[in-house]
Amino acid sequence: GRILDVLFRPNFGASLHMLKVEIGGDSQSGYGVEPSHMHTRDDYVCTRGLELWLLREARQRNPQLLAYALVWSAPPWVGGAPGAPGGRRTGRAVGP
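Computed from a predicted structure; not experimentally measured.

1. Notes on the overall build of the protein chain
Working step 1: Along the backbone of the protein chain there are three helices and two strands.
Working step 2: Going from N to C terminus, the protein chain has its helices and strands arranged as α-β-α-β-α.
Working step 3: The long-range share in the protein chain, meaning contacts at least 24 apart out of those at least 6 apart in sequence, stands at 48%.
Working step 4: Summed over its atoms, the accessible surface of the protein chain is roughly 6800 Å², and 59% of this surface lies on carbon and sulfur atoms.

As structure tokens, then:
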């Protein structure tokens, strides 16, 4: 808890005011595989991974914290080549 206090409590330590987390996609996207909240189309579980835990802990220490999330890959069931490590997103899904 002390490390989180140093990071996120206002006027104490780093006093971070913004946190950006990854939305997992069951694919290798950087430093490891972050689990998706939907392994299949019918599977919806938002407690996988560490992001929501970290956001809750940070917001307990600073309710004014700005939170952002970004997706690095889509889970395989979204659509992609069979056997591909992750799904694919089209420009329409992520752009204007």
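2. Examining the packing of aromatic side chains
Working step 1: Scanning the model with the defined rule gives zero aromatic pairs in all.
Working step 2: Against the face of F12 rests R9, its NZ or CZ located 4.2 Å from the ring centre.

3. Here's the deal with the pattern of salt bridges
Working step 1: Throughout the structure, instances matching the rule amount to three salt bridges.
Working step 2: With a closest N to O distance of 2.7 Å, R61 and D5 form a salt bridge. On the criterion of sequence distance, the pair formed by R61 in helix α2 (residues 51-61) and D5 in helix α1 (residues 2-8) is long-range, its members being 56 residues apart.
Working step 3: By relative accessible area, R61 is classed as buried at 16%.
Working step 4: Judged by its relative accessible area of 22%, D5 is partly exposed.
Working step 5: When salt bridges with common partners are traced through the structure, they connect D5, E57 and R61 into a single cluster.

4. Topic: the confidence of the model for the protein chain
Working step 1: Of the residues in the protein chain, 76% have a pLDDT of 70 or more, and the chain-wide mean is 77.
Working step 2: Per-element averaging of pLDDT across the protein chain places helix α3 (residues 91-94) at the bottom with 44 and α1 at the top with 94.
Working step 3: In this model residues 89-96 is a low-confidence stretch, pLDDT under 50, and it forms four contacts with partners more than four residues away in sequence or in other chains.

5. Considering the environment of L54
Working step 1: Tracing the chain through its elements places L54 in helix α2.
Working step 2: L54 sits 33 residues away from V21 along the chain, and the two C-alpha atoms are 8.8 Å apart.
Working step 3: Apart from residues lying up to four places away in sequence, L54 is in contact with L4, F8 and L19.

6. Focus on the side chain of N62
Working step 1: Position of N62 relative to the elements: it lies in the loop between α2 and β2 (66-71).
Working step 2: If we ignore the near neighbours within four places in the chain, the residues touching N62 are F8, P10, L16 and H17.

Cut-off values and rules
Residues numbered from 1 in each chain as written. Predicted model: local features only at pLDDT ≥ 70, side-chain atom pairs only at ≥ 80, totals over all residues. Heavy atoms only, no water. Helix = DSSP H or I, 4+ residues; strand = E, 2+ residues; numbered from the N terminus. Contact = heavy atoms within 4.5 Å. Areas by Shrake-Rupley, 256 points an atom, 1.4 Å probe, with all protein chains shown as cover. Phe/Tyr/Trp six-rings, centres within 6.5 Å; stacked < 30°, edge-to-face > 60°. Lys NZ or Arg CZ within 6 Å of the ring centre and 35° of its normal. Salt bridge = Lys/Arg side-chain N within 4 Å of Asp/Glu carboxyl O. Buried < 20%, exposed > 50% of the residue type's maximum accessible area, 1.4 Å probe, protein only. pLDDT = per-residue confidence, 0-100.

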